Amino acid sequence: MQKRARRILLIVLVMALGLTLAGVAKEALHIYTAYDADQAEVYIAAFEASHPDIDVQWVRLSSGQVLARIRAEAANPQASLWFGGSNTSHIAAAQDDLLAPYKESLAWQYMPAQFKDPDGLWIGLYVGYIGFVSNTEFLAKAGVDAPTSWEDLLKPEFKNEISLAYPFSSGTAYTTLCGMLTAIGSPDPGFDAQDDAYLAAFDKQVHHYNESGSACITQVGQGEVGVGIGFSHDILSKGIAKGYPVVMTFPKEGTSYEIGGMALIKGAPEPELAKIFYDWALSKEAQDLYKQFFRIPLNPAAELAEGSVTATDVQVLPVNLVWYGENKDDIIDHWHEVTGK
Amino acid sequence: MRFNVYQREIRGEIRRLVRDPVLLGLVAVISLLLLGFIVFPLVKVVQHSIWPKGVFSPKYFVQFFQRSYYWRPLLNSMVVGALVSLCGTAVAFLFAYGITRTDIPFKRAFRLIAIMPIVSPPFLIALAAILLLGHHGVITDALRLNWDIYGLPGLVLTETLAYFPIAFMILEGVLSKIDPSIEEAALDMGASKLRTFLTVTLPLAIPGIASAMLLVFIRSLEDFGNPVVIQGNYQVLTVAAYHAVTGMYNMPLAATLAIFMLIPTLMIFVVQKYYVARRSYITVTGKPSGIGLKSTERRVKAPILAGMVFLSVGILLMYGVVLFGSFTKLWGVDNTLTVKNYLYVFKVGGQYVVDTLEIALIATPIGGILSMLIAYLVVRKRFVGRGAMEFVSMLNFAVPGVVVGIGYILAFNTPPIQITGTALIIILVFVFRRMPVGIRDGIAQLQQIDPAIEEASSSLGAGFFRTFTRVTLPLVAPAFLSGLVYMFVRCMTAISAVVFVVSAGWQLLTVALLYEVDQANLAAAAAYGYVIIGIVFVAILLMRFVVERLFKRGFSPLSRQ
Amino acid sequence: MTDIVVRFEDIVKIFGEGSRREVRAVDHFSLSVEGGQLITLLGPSGCGKTTSLRILAGFENATSGKVYIDGRCVNDTPPQSRDTSMVFQSYGLFPHMTVFENVAYGLKVKHTPKLEIRTRVAEVLHLVGLGGLERRSVGQLSGGQQQRVALCRAIITQPKVLLFDEPLSNLDAKLRKGTREQIRQLQQELGITSLYVTHDQAEAMSISDQIAVMNDGRLQQLGTAEAIYARPANRFVAGFIGDANFLPAKVLSLDGAGVKIACGAVEMVVEQSGERFAPGDEPVLLVRPEAVDLVPEGQGDLAAEVLFSHYTGSVVLYALSLPTGERLEVQVANPQERGLLPLRSTVGLRLHRRSLRLLEKEG
C-alpha cells in the first residue's frame, strides 16, 4: 500500500515538473532591448512602476543580434517588442517583413517624417552622434593629439590601439561604418574604391573588435586600448561621467548619427501589452529618463541633459540611413571581404 | 561465417530482450532519448550545411575553403589546440610527478590548486589575464612591460591554465599506478634514477600522456569562454560560429563552421578511445600503490617544487585579482573598495540567480540518474545495440558545445519538437552535454562492485528495477552523490552550448557574465564570477556534509576478492 | 519413477567467437539431473564447469544447445524468472543490509507477508546455527558465517534448483569440512535438486550423489564417487581423481574372465569387460598406489628399486623405478609395522588384481 502511494506521488511530481517546464509561462511582456542592461533596468523599472500589472521579461542584445534573433524566431516569435537600438537594423527587419505596423499612437502623429517609418513599422526614440573617445594617459605617452578626423585614425601612433564593435552585431559599429563610407570617397551610399582602401588600412589599426558597441568606451577608460569609436551619449555616460581619464572628439569631415528605434514584432505573443509599452516609451515621462544617460530624446517636450551633444554641436554627414538599412547584408558581406574578419 | 554468427547472436539477444519487459522498456526509452537529443541535432547541423532550405548546395563548404575569414579561424584553433595540449600536459606532468613521486610538502594544497580551474566559471581566467597582464594590467604596469596579451599568447596562457587539471587527473592516476617493482627491478640492475625514469617510468606513462594531450586538445578546440575575452584579432572557430548565429543568423554558415569544428574533435576522440586507451599498460582497476618510488634528492625536488610554487602562485594571483576587482569602484581608475558590484549583480541578475539554480537543480538529478542507468546497462547487461548506445551517449564528449547549441536551435525551433524559449531546452542541453562524464564515472563505480552481488539479487528473483534501486544504487551512492555535485557545478559554469538557447523567459548567470564581459564591465563580471563560485562552493560543502552524515555507517562498495 | 529436473542438451559455449581469442569453454555438454539429487561438476580450472553452471542460472547464454528446467526450455528466460538460486564463491551478500534483510530478500521479491517472512527467516537461520543474528550487519560476520547466510538466503525461497559455485574455496580447510557436511545435510533434508561446482575432489566425493567430471569443456564421466574412482572411464579421470600409476601393457587375448595382458615380463588377467580392446592393442594399466603390496625381492609380479620415500606418519609413499625405466608410486599404510625400506633396495611388487583397470592410451 505504501509503495503504491509513493509511486503515485512520484508520478504526480513528474507531471507537475513537466507542466512547469512546458512553458506554462508567466503572464508577461517579453521584449528585446539593445540598451545596455543598466540603462534598460532603469527604463523598464520605471515602466513597471507606472504599470504594476505588467511584468516585463527582457533580454539585452546588440541591435545586430536582435535582428539575428528575430530572423531566427520568425516562425515562432518569442518576444513582442524591440526597444532601442540603431534603426538601421529595424529597417532591415522591416524589409524582411518581421515587424508589425502601429500608427495609432499619438506619438506617431507628432513625430517628424525622417524619424519614423512611413508604414508605421518603426519609430524613433532618440538620436545619437558618433564620436571618438581617447584615453588621456595614452595620448600623453604616445605624444599625439586626440583624433579629429576619420583620416586621423590611420595615424601610425594609433596602430593596434583602436577598438570598436563588429558592424554586423552592433548598431553603433554599423553606424560608424556608414559614416566612414559617406565621409571617405564619394558620399553616395555603398563602397567605392577609396572606401575599400580606407577600410583595409583602418582594419590594420584595430586591436580587436567587440560584440557590443559601447564596450570600447570602457576599454579606453581602463587603458586597455587608446582610442574607441562610439556614440556621444555613451561616451558621456560611460566614459566621462564615470570618471575615466578620457576625452571626446568628433571628426571634422562630419559624423554619422543613429536614430534609436522601437518596433512591434510581427506575430508577437503579447501585441496589446507591447502597444502599451510602445505608447509609454514615447511619453515625456519616459523620455525624460534619457537625461541621466545623455541621450537626445525625440519627444520635443522632454528635457535635455547638461553637456549632451546635439546637432548644433557637431558636423553631421548626409548618411542615407534608409538605404543602409535596406542593404545591410550586402554591406556586411563586403566588409567581411575587405577586412578578412 | 562471421555474419552468421552475428545474426545468430542478434536474434538470440532480441528474443531475450523481449522476454524481459522492464529491460526492453528501458532500452527503448533511453534509445529514443539518445536519438532525439544527441543524434538528431547533429543530423540537423549537417543537413543545414549541405541542404540549406532543402536544396542540395555545397556552397558554404566550398566557400569555407575560399574565404580566409572562414578557414583561418579553423587553422588558428588547431594551432592554439596544439600549443595548449603541449603546455597543459607539461604543466600537468610537473604537478602530477611532484605530487605522486616526490616527497615535497603541501601536497594537499597543490592538489587543490591543480583542480580549482575545473570548478570555476568560464571567462574567469581570461578575465584575470586581462586584469593582470592586459595593457593596463597590474603586472604590466608594475613591471612597465610593453606586451600584448591578447591573441595567441593570451589564448595559450588561459587555456593551458584552464585545462591542465584534466591532464593532471589522468597523469596523477597513471603515475601512481605504475607497479613500483618494475622500477625497483631497473634500479636493482644498476640503472640510475634518471635512466630509470627515462627508460621505464616515462614509457609506461606514455599512453596516459597521449590520452591527456588528446583530451586537452579537444577541450581547447571547443573552448568558447576564454577566446571571447582574449582572442583579440586571433580569431578562433568557436567564436566565429557564435558570431555567425547571434550576429548574422547565417545558419548554413554556422552549420558549416560547426562541421569543421566537429571533424577534428571526433577524429581525436575516436583515436583516443579506441587506440590510445586500449594500449594502456596499467590496469585501471588496480589500486594505486601509493608506496611507489619517491624522489628525495634536492636537485630533483627543488626545480619541481619551484615550478609548482610559481604556477600555484600565478593561479592564486589570478583568482585573487578577480576577487579584488569585484570589489573595486572603477577598475583601472578608482580602486576604492565597494560592494556596489555585488549589489548590481543581485539587482539586475537576481532573477538570473533564481533561474539558473532552478534549472541546475532540475537538470542535475535527471542527468545523474540517466547517466547511472546507461552506465548500468552498458556494464551489466547484454542486449542488441549496446555498443551503439555506449558510443552515442559518449559522443557528446567529442562534440563542441557550440555545435550542440547550434544543433539544438536548428532541431528544436520548429515542429515536431518546438521547445526553444523554454527552460526544457536548457535542461536538455545540460543533461545530455554532461552525460558522458557521468557515464564514465558510473561505469568505473559499477566495476568496483563484485558482480556476484547483483547476480545474487537476480538469482533471488529480483527484476532489473528492484536490483538497480535496492542493491546497486545504495552501493554506489556516495560516489553517485559526488558525481551529482560535479554535474551541478558544470551546470553552473556552462556557457558554450547554453549561450544559444537562453531566452527572454529563462536567463543564466554565465550568460549574464558573458554580457558584462562583452561590455567590458570587468568589475561587474568579476562579481558575477564570484557569485557563481560562491554558489558552487556552498553546493560542494553541502554535499560533503550530506554524504558524511548519511554514510557514516561506513560501508563501501566491495572490491572483487 | 524418476523425474528429470535439470537437463543440459548438447550445450556449446564459445567466448569471443570469430575473434583471434576464441575460446570453446563448453563443448557439447549434456547432463540430466534427477529430482532431489546433488550432482557435482568437478574438474580443473578452465574445464567449463562454472560456465555450465552459469548457463543454467541464466548469467551466460549458450552459443548452442538447450537448457531445460522441469521440462521447460529456459534458454531465453532471464535469470530472475528461472526458479534457481545460487550460492556464490564470494558469497555476494548485500553489504548494506543486515543478515535478516539479506535472507529475507528473495521472499520480499515474492511479496510474502511480513509475519511469514520473519518466521521463515528465523527458522532457516536456526537450521544453520545462526539463530539470533538477524540484526547483525553482514560485515561483522566471519567468513564461515557469511557463507551460511548466503546459503540461507538461497534456500529460503525454496527454488527448484540450488546452484553452488565453489562456495567453500574462500574458507580455510577445517571450516570447509564442517560447512560442506552441513550443506549436504540441509540439501538432503529439504530434498532440493542441486548442482555443485568445485575443483576439490575430496569435497566432490564426500557430498555428491553423482559426480560429473569435466575437462576441456567436455563431460568425461558421470558416476558415483566409487564408480569414478574404481572404474574411471579414461586416463584423465583416472589421473584427476586420486593418485594413479600408468604402466604400458599389451593385450594378448580376451576371454570370459577378462582381458589377458602382458605388462613387462608378467602376464596377468584384468577383470574388465573386453569390449573396448582387441588382441594386439596397447592400453595403459591403471595401478593405484594403495593397490600394490611390497614383497621381498624375487616374489610378486614385478621387481622395482626404491628411489625415495615420503614418510607422513600414517602412510609412507615410495617412489620406485622398474627395470623398464618407468616410475611407480606405492603407498604403504602403517609403515611402523614393517619399517621403512632403504633407498636403492630392490623389492617385489604384487598388484591387487581386482583393482587393476585398463584404459585407452591417449596420445
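Quick caveat: nothing in here was measured; it's all calculated off a predicted structure. Every chain is numbered on its own, with residues counted from 1 as its sequence reads. Numbering of ligands from 1 and lettering of chains from A proceed in the order in which they are written. Totals for whole chains, interfaces and linings use all residues, but because this is a predicted model, local features are given only for residues with pLDDT of at least 70 and pairs of side-chain atoms are given and counted only at 80 or more.

Draft legend 1. Local environment of the overall build of chain A. Numbering goes from the N terminus for both helices and strands, where a helix is a DSSP run of H or I of at least four residues and a strand is a run of E of at least two. Of regular secondary structure, chain A possesses 14 helices and 11 strands. Computation of the radius of gyration draws on C-alpha atoms alone. For the globule rule, the value is 2.2 Å times the number of residues to the power 0.38. Against the compact-globule benchmark of 20 Å for 341 residues, chain A has a radius of gyration of 22 Å, which places it among compact chains. Counting only C-alpha atoms and orienting by the principal axes, one finds that chain A spans roughly 85 × 50 × 40 Å. Working definition of burial: number of other C-beta atoms within 10 Å of the residue's own, with buried at 20 or more, exposed at 12 or fewer, and partly exposed in between, all C-beta atoms being placed from the backbone. A burial count over chain A gives 52% of its 341 residues as buried.

Draft legend 2. Representation of the overall build of chain B. Within chain B, the regular secondary structure consists of 23 helices and 2 strands. Rg of the C-alpha trace for chain B: 25 Å, near the compact-globule value of 24 Å for 561 residues, within the 12% margin. If you line up chain B on its principal axes, its C-alpha atoms span 75 × 70 × 50 Å. The buried share of chain B, reckoned over its 561 residues, is 51%. Each residue gets a C-beta atom placed from its backbone, and two residues are in contact if those atoms lie within 7 Å. Within chain B, residue pairs in contact and separated by at least 24 positions form 81% of the contacts whose partners lie at least 6 positions apart.

Draft legend 3. Representation of the packing of helix α12 (residues 237–247) of chain B against helix α13 (residues 251–276) of chain B within the structure. Residues and elements named next belong to chain B. Running from amino to carboxyl end, α12 crosses α13 at an angle of 160°, the nearest separation of the two axes being 8 Å. Comparing the axis directions of α12 and α13 gives the class roughly antiparallel. As for the relative orientation of α12 and α13, their crossing is left-handed in sense. Of the residues in α13, those in contact with Leu-237, Thr-238, Ala-240, Ala-241, Ala-244 and Val-245 of α12 are Leu-253, Ala-254, Leu-257, Ala-258, Phe-260 and Met-261. Classifying every residue of the contact of α12 with α13 gives 11 nonpolar, 1 polar and no charged. Here the axes come from fitting lines to C-alpha atoms, over the contacting stretch only for helices, and the angles between their N-to-C directions go from 0 to 180 degrees. If an angle is under 35 degrees, it is roughly parallel; if it is over 145, roughly antiparallel; if it lies from 65 to 115, roughly perpendicular; otherwise it is oblique. The sense of a crossing depends on the near helix, which, turned anticlockwise from the far helix by less than a right angle, makes the crossing left-handed and, turned clockwise, makes it right-handed. Only Asp, Glu, Lys and Arg are considered charged in this grouping, and only Ala, Val, Leu, Ile, Met, Phe, Trp, Tyr, Cys and Pro are considered nonpolar; every other residue, Gly among them, is considered polar.

Draft legend 4. Seen up close, the interface of chain C and chain B. Listed by partner, the interface residues are 26 residues for chain C and 25 residues for chain B. At the level of secondary structure, the elements contributing two or more residues to the side of chain C that touches chain B comprise β6 (84–87) and α2 (99–109) of chain C. Its residues assigned to classes, the side of chain C that touches chain B comprises 10 nonpolar, 12 polar and 4 charged.

Draft legend 5. Representation of the domain arrangement of chain B. Residue and element names in this part refer to chain B. Marked domain ranges trace back to an automatic or database domain assignment. Segmenting chain B into domains produces domain 1 (1–57 + 339–554) and domain 2 (68–326). Averaged C-alpha coordinates put domain 1 and domain 2 at centres separated by 24 Å. Of the residues lining the interface, 35 residues belong to domain 1; the matching set on domain 2 comes to 37 residues. Residue assignment for the side of domain 1 that touches domain 2 shows that the elements contributing at least two residues are α2 (21–50), α18 (401–412), α21 (464–493), α22 (509–518) and α23 (522–550). In the side of domain 1 that touches domain 2, the residues fall into 26 nonpolar, 9 polar and no charged.

Draft legend 6. Focus on the interface of chain B and chain A. With 38 residues of chain B at the interface, the matching set in chain A holds 46 residues. Residue composition of the side of chain B that touches chain A, grouped by class: 16 nonpolar, 20 polar and 2 charged.

Draft legend 7. Geometry of the packing of helix α3 (residues 59–66) of chain B against α13 of chain B. Residues and elements named next belong to chain B. Taken N-terminus to C-terminus, the directions of α3 and α13 make an angle of 65°; their axes are 9 Å apart at the nearest point. Put simply, α3 runs roughly perpendicular to α13. Between α3 and α13 the crossing geometry is right-handed. Contacts from Tyr-60, Phe-61 and Phe-64 in α3 reach Pro-252, Leu-253, Thr-256 and Phe-260 in α13.

Draft legend 8. A look at the sheet that holds strand β9 (residues 210–215) of chain C. Residues and elements named next belong to chain C. Here we have 6 strands laid out as an open sheet, ordered β6-β7-β8-β3-β9-β10, and mixed in their pairing. Edge positions in the open sheet fall to β6 and β10 (218–223), since each of these has one partner strand only. The mean inter-strand angle of the sheet, taken between neighbouring strand axes irrespective of direction, is 20°. Sheet topology places β9 next to β10; 5 bridges connect them, and they run antiparallel. Considered in β10, the bridge of Ala-212 is made with Leu-222. In this fold helix α4 (residues 143–155) packs onto β6 and β7 (161–165), with an angle of close to 180° to the strand it touches most, β6. Whether two strands pair depends on DSSP finding at least two bridges between them.

Draft legend 9. Structural context of the pairing of strand β4 (residues 64–69) of chain C. Residues and elements named next belong to chain C. As paired strands, strand β1 (residues 4–15) and β4 are joined by 5 bridges and run antiparallel to one another. Across the sheet, residue Arg-7 finds its bridge partner in β4, namely Tyr-68. With 2 bridges joining them, β4 and strand β5 (residues 72–73) adopt antiparallel strand pairing. Across the sheet, residue Tyr-68 finds its bridge partner in β5, namely Cys-73. What sits between the antiparallel neighbours β4 and β5 is a turn of 2 residues, in which Asp-70 has the positive phi angle 55°.

Draft legend 10. Structural view of unusual backbone geometry. Residue and element names in this part refer to chain A. One non-glycine residue, Asp-97, adopts positive backbone phi at about 60°. Structurally, Asp-97 can be placed in the loop between α4 (87–95) and β4 (99–100). Judged by C-beta crowding, with 10 C-beta atoms within 10 Å, Asp-97 ranks as exposed. Residue Asn-160 is not a glycine yet carries a positive backbone phi of 65°. Looking at the element boundaries, Asn-160 is found in the loop between α6 (136–142) and β6 (162–165). For Asn-160, a count of 17 C-beta atoms within 10 Å corresponds to the partly exposed category.

Draft legend 11. Structural view of the arrangement of the chains. Pairwise contact counts over the 2 pairs of chains in contact peak for chains A and B. In this assembly chain A lies apart from chain C, the nearest approach of their C-alpha atoms being 12 Å.

Draft legend 12. Just the domain arrangement of chain A, in detail. Residue and element names in this part refer to chain A. Domain assignment breaks chain A into domain 1 (27–127 + 259–297) and domain 2 (128–257 + 315–339). Inter-centroid distance (C-alpha atoms) of domain 1 to domain 2 is 25 Å. On the domain 2 side, the residues contacting the 22 residues of domain 1 number 22 residues. If you list the elements that add at least two residues to the side of domain 1 that touches domain 2, you get α3 (63–72), β3 (81–86), α4, β5 (123–135) and β10 (257–265). The element best represented in the side of domain 1 that touches domain 2 is α4, accounting for 6 residues. Among the residues forming the side of domain 1 that touches domain 2, the class breakdown is 9 nonpolar, 11 polar and 2 charged.

Draft legend 13. Spatial organisation of the sheet that holds strand β21 (residues 357–359) of chain C. Residues and elements named next belong to chain C. Taken in spatial order, the 3 strands line up as β11-β15-β21 in an open sheet, and their pairing is antiparallel. Both edges of this open sheet fall to β11 (245–248) and β21, since each of them pairs with a single strand only. Along the sheet, successive strands turn relative to each other by an average axial angle of 35°, direction set aside. One ladder, built from 4 bridges, connects β11 with strand β15 (residues 284–287); its direction is antiparallel. Residue Phe-246 lies in a different strand from β15, and its bridge partner there is Leu-286.

Draft legend 14. Here's a closer look at the environment of Leu-460 of chain B. Its place among the elements puts Leu-460 of chain B in the loop between α20 (451–459) and α21. Leu-460 of chain B gets classed as buried once you count the C-beta atoms within 10 Å, which come to 28. Spatially, the C-alpha atom of Leu-460 of chain B lies 55 Å from that of Met-189 of chain B, the residues being 271 residues apart in sequence. When residues no more than four places from it in sequence are discounted, the contact partners of Leu-460 of chain B are Ser-85, Tyr-105, Gly-106, Val-109, Arg-153 and Thr-157 of chain C.

Draft legend 15. Region of the structure containing the confidence of the model for chain A. Values of pLDDT, the confidence the predictor places in each residue, fall between 0 and 100. In the predicted model, chain A carries a mean pLDDT of 86, and the fraction of residues at 70 or more is 94%. Low pLDDT (under 50) marks residues 22–26 of chain A, which in the prediction has 5 contacts with non-local residues, meaning those over four places away or in another chain.

Draft legend 16. Here's a closer look at the pairing of strand β12 (residues 250–255) of chain C. All names here are of chain C. In this structure, β12 lies alongside strand β13 (residues 258–263), joined through 5 bridges in antiparallel fashion. The residue of β13 that forms the bridge with Lys-250 is Ala-262. As consecutive antiparallel partners, β12 and β13 are separated by 2 residues.

Draft legend 17. The nonpolar core, seen in detail. Think of a nonpolar core as buried Ala, Val, Leu, Ile, Met, Phe, Trp, Tyr and Cys residues, each tied to the set through C-beta atoms within 7 Å. Membership of the largest hydrophobic core comes to 367 residues, with the highest contact counts inside it found for Leu-127, Ala-241 and Ile-406 of chain B. Non-local contacts of Ile-406 of chain B, meaning those with residues more than four positions away in its chain, are made with Val-45, Ala-241, Val-245, Ala-254, Ala-255, Ala-258 and Phe-500 of chain B.

Draft legend 18. Structural view of the environment of Phe-324 of chain B. When you line up the elements, Phe-324 of chain B lands in helix α14 (residues 298–326). In this structure the C-alpha to C-alpha distance between Phe-324 of chain B and Asn-335 of chain B, which are 11 residues apart in sequence, comes to 9.0 Å.

Draft legend 19. The confidence of the model for chain B, seen in detail. All names here are of chain B. Averaged over every residue, the pLDDT of chain B is 83; residues scoring 70 or more account for 93%. Note on residues 283–290: pLDDT under 50 across the span, and 9 contacts to partners over four residues away in sequence or across chains. Taken as a whole, residues 553–561 scores under 50 in pLDDT and shows 14 contacts with residues more than four places along the chain or in a different chain. Listed scores for the predicted complex are pTM 0.77 and ipTM 0.79.

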